[in-house]
Amino acid sequence: MAVIKRQGSEGKGKLTRREFLRRAGAAGAMALTSPFWFSYIRALGEVPIKIGHITPRTGFLGMLGDFAVKGATLAVEEANARGGVLGRRVDIVFEDSPNPGVAVEKATKLIERDRVDVLIGEISSASGLAVADVAKRLRKLYMNTGWNSDEGRGVRCNRYVFHVEGMNTMYTKAVGRYLFRKREMRAWYFLTADYAFGHDLLRVSRRLLRQLGGREVGSDLVPTGTPDYSSYILKVRAARPDLLFLNLAGVDQTTFMKQWREFGAPFPVAGGVMDTAQFWAVGREALTGVWPALWYHKIKAPGVADFVSRFRRRWGSPPDNQAWADYTGIKLVLRAMEETKSTDSAKLIEFFEKGPRFDILKERRAWFANWNHQLVQPMYIVVPKEPAKAEDKWDIWEVIASVPGLEESLVEILPTPSENPCELGSL
Amino acid sequence: MPELSLSLLIQFIANGFVVGMYYTLLALGLSIIFGLIGVINLAHGALYALGAYAAYVFSRHLGFFPALVLSPLIVAVLAMAIEVTMLRRLYLKDPLLSLLLTFGLAMVVEQLLRMIFGAAGLPFDIPQRLQGFVRFGMLPYSRYRLFLLIVGILVIALLWWFLERTPYGRIIRAGTRDPEMVRILGIRLAPVFTAVFGIGAAMAGLAGVISAPLAGVEPAMGTAVGTAAFVVVVIGGMGSFWGPVIAGLLVGEIVSLFVLLYPPAADASMFLLMALVLLLRPRGLLGERWEKFE
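No experiment lies behind these values; they were computed from the predicted model shown. (Residues numbered from 1 in each chain as written. Chains lettered and ligands numbered in written order. Predicted model: local features only at pLDDT ≥ 70, side-chain atom pairs only at ≥ 80, totals over all residues. Heavy atoms only, no water.)

## Some words on the packing of helix H9 (residues 221-236) of chain B against helix H10 (residues 242-261) of chain B
Residue and element names in this part refer to chain B. Remark: H9 packs on H10, axes separated minimally by 8 Å, with the N-to-C direction vectors making an angle of 120°. The pairing of H9 with H10 is recorded here as oblique in orientation. At the point where H9 passes H10, the crossing takes the right-handed sense. Residue-level contacts link Val232, Ile235 and Gly236 of H9 to Gly243, Pro244, Ala247, Gly248 and Val251 of H10. Tallied by class, the residues present in the contact of H9 with H10 amount to five nonpolar, three polar and no charged. (Axes fitted to C-alpha atoms, helices over the stretch in contact; angles between N-to-C directions. Helix = DSSP H or I, 4+ residues; strand = E, 2+ residues; numbered from the N terminus. Parallel < 35°, antiparallel > 145°, perpendicular 65-115°, else oblique. Left-handed = near helix turned anticlockwise from the far one by under 90°. Contact = heavy atoms within 4.5 Å. Nonpolar A, V, L, I, M, F, W, Y, C, P; charged D, E, K, R; others polar.)

## Overview of the state of the cysteines
By definition, a disulfide links the sulfur atoms of two cysteine residues through a covalent bond. All names here are of chain A. In total, this model carries one disulfide over all chains according to the counting rule given. Across a sulfur-sulfur distance of 2.2 Å, Cys157 and Cys422 are joined as a disulfide pair. In this structure the cystine formed by Cys157 and Cys422 twists about its S-S bond by roughly 95°; its chirality is therefore right-handed. Note that Cys157 is positioned in the loop between strand E4 (142-144) and strand E5 (161-163) and Cys422 in the segment after strand E14 (397-403), a separation of 265 residues in sequence. Residue class for Cys422 comes out buried when judged on its relative accessible area of 16%. (Disulfide = S-S within 2.5 Å. Buried < 20%, exposed > 50% of the residue type's maximum accessible area, 1.4 Å probe, protein only.)

## Digging into the side chain of Ser230(A)
You can see Ser230(A) is positioned in helix H7 (residues 230-239). In this structure the side chain of Ser230(A) is engaged in a polar contact, spanning 2.7 Å, whose partner is the side chain of Asp228(A). A distance of 2.8 Å separates the side chain of Ser230(A) from the side chain of Asn15(B), its partner in a polar contact. The contacts of Ser230(A), once residues within four sequence positions are left out, are Gln259(A), Phe263(A), Asn15(B), Val19(B) and Arg145(B). (Polar contact = N/O pair within 3.5 Å; in protein donor to acceptor, adjacent residues only side chain to side chain.)

## Section: the interface of chain B and chain A
Often, the extent of an interface is quoted as the loss of accessible area upon association of its parts. At the interface, 39 residues of chain B touch 35 residues of chain A. Taking both sides of the interface into account, the surface hidden between chain B and chain A amounts to around 2,900 Å²; carbon and sulfur atoms contribute 58%. As a salt-bridge pair, Arg145(B) and Asp228(A) come within 2.5 Å of each other at their nearest N and O atoms. Looking at the side of chain B that touches chain A, the elements with two or more residues in it are helix H1 (6-37), strand E2 (139-142), helix H5 (143-165), helix H8 (190-215), H10 and helix H11 (266-280) of chain B. Among the elements that make up the side of chain B that touches chain A, the one with the highest residue count is H1(B) (six residues). By residue class, the composition of the side of chain B that touches chain A is 27 nonpolar, seven polar and five charged. (Buried area = accessible area lost by both parts, 1.4 Å probe. Salt bridge = Lys/Arg side-chain N within 4 Å of Asp/Glu carboxyl O.)

## Description of the pattern of salt bridges
Residues and elements named next belong to chain A. Inspection of every chain in the model, using the stated rule, returns 28 salt bridges over all chains. Where Lys70 meets Asp66, a salt bridge forms, and the shortest distance between an N and an O atom there is 3.5 Å. Remark: Asp66 and Lys70 occur in helix H2 (residues 62-81); sequence separation between them is four residues, near one turn of the helix. Of the two residues, Lys70 and Asp66, neither departs from the other in class, the shared state being buried. Across the pair Glu398 and Lys389 runs a salt bridge whose closest N-O atoms are separated by 3.9 Å. The class of Lys389 is partly exposed, set by a relative accessible area of 49%.

## Comments concerning the sheet that holds strand E10 (residues 291-293) of chain A
Residues and elements named next belong to chain A. One open sheet holds the three strands; their spatial order is E10-E13-E14, and the pairing between them is antiparallel. Either end of the sheet is taken by a strand with one partner, and the two such strands are E10 and E14. With strand direction ignored, the average angle separating the axes of adjacent strands in the sheet is 35°. (Pairing = 2+ DSSP bridges.)

## With respect to the confidence of the model for chain B
Here chain B averages 89 in pLDDT, and 97% of its residues register 70 or above. Taken element by element, chain B is modelled with least confidence in E2(B), mean pLDDT 81, and with most confidence in helix H3 (residues 64-85) of chain B, mean pLDDT 96. (pLDDT = per-residue confidence, 0-100.)

Right, here's the structure in full:
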């Protein structure tokens, strides 16, 4: 590329030594760098699509975070095996978010430094709300795959956030409607995790109990990470409820269940939310109660068996609901990019807001509610499966109902806009 | 809120005692290492988790009761290897160094457990023979927790006898208070410190085994527990055998009563107690004046 110009116009006819070295050096440098130039130009045509994934990997939600990463990884690997999206490779950057402060830092870093096209993930409501604020400020689409807070779909909702994960109202309405229809359980005692998620869940489960005409006989806030529940159990026992309603999360839920069984499980239990992975860890003997599930690997729906066997081949265990959510979240985002031929957050948001129907490995198709960006989808009611009937150690639940029933609209389990008002705001 | 009756209050006080025994078991190992070697062992929670994981492996092949004995021994052997190869070099140096070492060890152990056994918790059931409950009048109480109470009392008695009544115990106590004099008497102290670290680690391991059926087994299980153990040691004070025992029982009672009366502060209640004790008795409840730490 570099041509040594003849300096002959001045009639000297030869290069000075110094000039020669300078030019030769420049030529060498150009020759050396040119292959890099070529590859740089090639890569420009193939700048990978970048997804920023954020989730707690340690602490009391770490177990779920592990499944989130597995689900997300599989979705990206499958997309790349099919030749990428828009002719581009899909890259994913994983970040650990042990608490809300770090979550904000990591979300900001993913957008500003790693230049990701979208954010996805999070499980803790406290961290999730904080990440949602970052997404709004930096104008990036954020797909929530793991936190339930109604506030995030209500007073603190914003245009940039979409929710694959169910909201607390969906969980409690699903299980509450079932409990009142099938059994006479009107006096409830609440045990609630003492942080954003639990408070939110307590509010909506109380509202539900009022709507259903039941009464509250007791309620305690429990600090997260409590190792010993014996004192709480004594208290519940003394109050004699028809039903103990748990608004706990993560490992706390399973620790509680073990100890509840230890005290003879004196009353029926139902829970506001349930993550199957946690219950795999409790041991079958400790399982009790009626629970809502966002997804379970034994539901009968097209594509589920195939997804489960792909996941098992890759990771050695079936996917839980968290793995499903992160897998689904990434699939939805990539689908939107393909449909809009763009990675621009504003375009993707407009696409989702038009309400296209998606196949999400459930028996009915889902869409995002245009007023609060919640994925409208069926939920499931599960009870422990008899050990004799179980196929393997992962097969712990009997799916006893899909809610809302097939004759009802899927929006039945969502709150109404007046129950949980949300101002999405502008782009 | 259930009606506050005398029967309920008695139940809470009795249960608080059992919870307290759990806290005592948690803290004993930390207190022994702290009090006798002067090392603040930040890997205490990690050793506790190691004990639980060892019990998980052993109990699948041998059953719970052999695991109850073997797991603390394995943890002790590992800990003594750490003492001989690493920790020993730091006794005479800046205390910060042993803090850093044990802090690092805690992280390494937690991540190793995660690598080997996975991030998910492992199922660990109460052994068949200890399932179910014992009835006190109308009120059933968990059989396993009564077992915990008995193990706690036995372990405390055994440790007290060993430290206070045997010649080995005397050497340990003398060696920690006046190492120079003990050396002049012709006793090598290096193996004594190794043994003390081993005993403390075994206690952490034992607490891990005992709590595995109650709280489950997962890589991060040691983190929260480590904090509680520190609180108990600080309340109890150093240099006294009975300090952590009394402090553990007190913490159990206060946490239990706060659950009854005002649960949102149950977690904070032990820190409140600690602050109060530190205000009134800066050396802890039974802490003695000790030249080394003044």
